[in-house]
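Here's the letter readout for the chains.
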Amino acid sequence: MMNFLPMTDAEVQQRYELAKKSFADLGVDTEKALETLANTPISLHCWQGDDVHGFEVHEGAVSGGGIMSTGNYPGCATSPEQLRCDAETALKLIPGKKRFNLHAIYAETEGKVVDRDQITPEHFARWMAWAKEQNVALDFNPSFFAHPLADSGYTLSNRDDKVRDFWVRHDKQCRLIAAEMGKAQGSPCIVNHWVPDGAKDQPVDRLTPRKLLKDSYDRIFAETLNPAYIRDGVESKVFGIGLEDYTVGSHEFYMNYVASRPQKDVMITFDMGHFHPTESIHDKISSVAVFQDELLLHVSRPIRWDSDHVVNFNDDLRNLFLQLVRCHFLKNTYLALDFFDGAIDRLGAWVVGTRAAQKALLYALLEPTPILDQFEKDNDNAMKLALLEELKGAPWEAVYDEFCRRQGTPVGTAWINQLFDYDRKVARTR
Ligand code: RNT
Ligand code: ZN
């Protein structure tokens, strides 16, 4: 195996000093960028570790549908202990402030069947204790998929009151669990509400399910919980596999839904994979910044569809973070990751994706925006373009390496050694 030699501290620092100087020449303070980076939490999604299976105990066969991870790489966590062990390893390889994002199906019920409308904070007591130990705050999600009452394709928008009431109860329980988490951790638990609801082909009535979905959310959010404990986001989507023609919770639906709340107590969630293939979310940030106070992001990477590939340092990611920084909306935005690749080492997927998101954020924080703004105002657009191009080669990576060094996480390629080790000793032996 290739053994990647770690850089010495002195090498990292020397490279950083040079980078600091070249950014300073452009009026950019690298220390300030590092401080913002260190204080911006990124929420790691638990479901990358086990292909969105969860630990629910079922009476009969498990229902599928709604969501899908592809790939059969060995090592998929099959118990809470394994998942926590993998997550701990990931947390060590990622610098900066992390949070951890749970779904309702990750409840621990001691082998008992507990249906989704019956879950309580005690089913997450182990997760809460673990999060405290790891010094990460928890985020939460109701789970509206992989359940017999989701098989029809309609949950919160179901025409059958019994089914819809079940899901409303589920979400209400989830909000109570999240509020408990938020209270215990002293930082609001961010809850993302996403339903897969929709139809494969040409529903005649596209209106009724949307009215029902609005009504369900109104009921769910009728209970005002302390915003110091919980914040809610609703996630839009263009289509799902098997639901190609109609998604009840579309972009228009949810943008209007959040606008319908005068108290602005529900924010929009943008997932990078939830739009038409050539439509990227960076252009939506400024519109949200005009009308809303907060935004939840699912950082992901679609390839031709909502494929949830591991996030990497591409134009989409950079453009997204550039907009958050340029719009001064970073502090109003909750950053969560949402990808799941079961075809490669899952620890590697987690770490690659999170580090890429951090790098893109740092890239944006190191932009000499006032100079670009001035070029734009003066109609010097070739100069603007030239500087934007030159910046792509600026030594931002030396700044990220220094960040890793200060945070005590492996610098550069060195972490790949640890990934390799864990893959061979843990993942491939499961
Ligand atoms: C699905 C949504 C949703 C899920 C997670 C597991 O298309 O993106 O956010 O991926 O809740
Ligand atoms: Zn998502």
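1. Quick word on the environment of W396
Logical step 1: Along the polypeptide, W396 turns up in helix α13 (residues 396–407).
Logical step 2: As a C-alpha pair, W396 and Q358 span 38 residues in sequence and 12 Å in three-dimensional space.
Logical step 3: Not counting residues within four places of it along the chain, the set of residues in contact with W396 comprises F23, F313, K359, L362, Y363 and L366.

2. Considering the packing of helix α6 (residues 208–220) against helix α7 (residues 251–259)
Logical step 1: Contact geometry of α6 with α7 gives a least axis separation of 12 Å together with a crossing angle of 35°. The interaxial crossing formed by α6 with α7 has right-handed handedness. Note on element contacts: α7 touches α6 through F253, Y254 and Y257, opposite R210, L213, K214, Y217 and D218.
Logical step 2: Looking at the contact of α6 with α7, its residues break down into five nonpolar, no polar and three charged.

3. So, a nonpolar patch on the surface
Logical step 1: A grouping of M68, I241 and W305 is seen on the molecular surface, where their side chains present a nonpolar patch of about 290 Å² in accessible area.
Logical step 2: The exposure class assigned to I241 is exposed, which follows from its relative accessible area of 53%.

4. What about the coordination of the zinc ion (ligand 2)?
Around a metal, the idealised angle for a tetrahedral arrangement of four donor atoms is 109.5 degrees; for an octahedral arrangement of six donor atoms it is 90 or 180 degrees.
Logical step 1: The coordination sphere of the zinc ion (ligand 2), as far as protein atoms go, consists of E235 (OE), D271 (OD), H298 (ND1) and D338 (OD), spread over 2.1 Å.
Logical step 2: Around the zinc ion (ligand 2) sit six donor atoms, and with donor-metal-donor angles ranging over 71 to 172° the site reads as octahedral.
Logical step 3: Looking at H298, the relative accessible area reads 2%, which means it is buried.

Here is what the cut-offs are and how they apply
- Residues numbered from 1 in each chain as written.
- Chains lettered and ligands numbered in written order.
- Predicted model: local features only at pLDDT ≥ 70, side-chain atom pairs only at ≥ 80, totals over all residues.
- Heavy atoms only, no water.
- Helix = DSSP H or I, 4+ residues; strand = E, 2+ residues; numbered from the N terminus.
- Contact = heavy atoms within 4.5 Å.
- Axes fitted to C-alpha atoms, helices over the stretch in contact; angles between N-to-C directions.
- Left-handed = near helix turned anticlockwise from the far one by under 90°.
- Nonpolar A, V, L, I, M, F, W, Y, C, P; charged D, E, K, R; others polar.
- Patch = residues over 30% accessible without salt bridge, like charges linked within 9 Å, V, L, I, M, F, W, Y side chains within 5 Å.
- Areas by Shrake-Rupley, 256 points an atom, 1.4 Å probe, with all protein chains shown as cover.
- Salt bridge = Lys/Arg side-chain N within 4 Å of Asp/Glu carboxyl O.
- Buried < 20%, exposed > 50% of the residue type's maximum accessible area, 1.4 Å probe, protein only.
- Donors = N, O, S within 2.8 Å, 3.2 Å for Na, K, Ca; no water.
- Tetrahedral: all angles 85-135°; square planar, octahedral: opposite > 155°, others 65-115°.

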